[in-house]
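Spelled out, the chains give:
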Amino acid sequence: MSGRSANIAALKLPEGHWTPHDLRRTGATMMTRLRVLPEVAERCLNHTEENKVKRTYQRHGYEPEMRDAWRVLGERLELLTRRDVGNFAIIGRMAD
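This structure is a prediction, so every number in the text was calculated from the model and none was measured.

Before going further, it helps to spend a moment on the packing of helix α1 (residues 20-33) against helix α4 (residues 63-81). Direction vectors running N to C along α1 and α4 enclose 100 degrees, while the axes themselves pass 10 Å from each other. Looking at the two axes, α1 sits roughly perpendicular to α4. Contact residues: Gly-27, Met-30 and Met-31 in α1; Ala-69, Trp-70, Leu-73, Arg-76, Leu-77 and Leu-80 in α4. The residue inventory of the contact of α1 with α4, partitioned by class, reads seven nonpolar, one polar and one charged.

Following this line, the structure appears as structure tokens:
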């Protein structure tokens, strides 16, 4: 488990303690809410296809789709954490 923080309180947030699993689940949920295909969100989590036949014959790596998914999630997180934006509702996927 190299590359992990030795700081055990690294994920302690004002609203409570979050685990890496919580962050992964929230990120994947946000991606699919932003219209990222569930299969792409799963690949972003480094999950492999469970169906052996599908895994054998469908060899596309989804790299471009994953880059787009991470970009879309990053844009949404940036928008949600900006201090200069007032109270607003976010509907649908952000325009490119």
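What follows picks up the thread again.
Note that Arg-24 resides in helix α1. On a C-alpha basis, the gap between Arg-24 and Leu-45 in space is 7.0 Å, while along the polypeptide they are 21 residues apart. Beyond its immediate chain neighbours, meaning those up to four positions away, Arg-24 contacts Leu-45 and His-47.

Further remarks concern the nonpolar core. Among the nonpolar cores identified, the biggest contains 10 residues, and these are Met-30, Met-31, Val-36, Val-40, Ala-41, Cys-44, Tyr-62, Met-66, Ala-69 and Leu-73. Where this core is concerned, the elements lending two or more residues are α1, α2 (38-44) and α4. Those residues in contact with Leu-73 that lie beyond four places of it in its chain are Gly-27, Met-30, Met-31 and Leu-34.

What counts, and where the lines are drawn
- Residues numbered from 1 in each chain as written.
- Predicted model: local features only at pLDDT ≥ 70, side-chain atom pairs only at ≥ 80, totals over all residues.
- Heavy atoms only, no water.
- Axes fitted to C-alpha atoms, helices over the stretch in contact; angles between N-to-C directions.
- Helix = DSSP H or I, 4+ residues; strand = E, 2+ residues; numbered from the N terminus.
- Parallel < 35°, antiparallel > 145°, perpendicular 65-115°, else oblique.
- Contact = heavy atoms within 4.5 Å.
- Nonpolar A, V, L, I, M, F, W, Y, C, P; charged D, E, K, R; others polar.
- Core = buried A, V, L, I, M, F, W, Y, C linked by side-chain atoms within 4.5 Å.
- Buried < 20%, exposed > 50% of the residue type's maximum accessible area, 1.4 Å probe, protein only.

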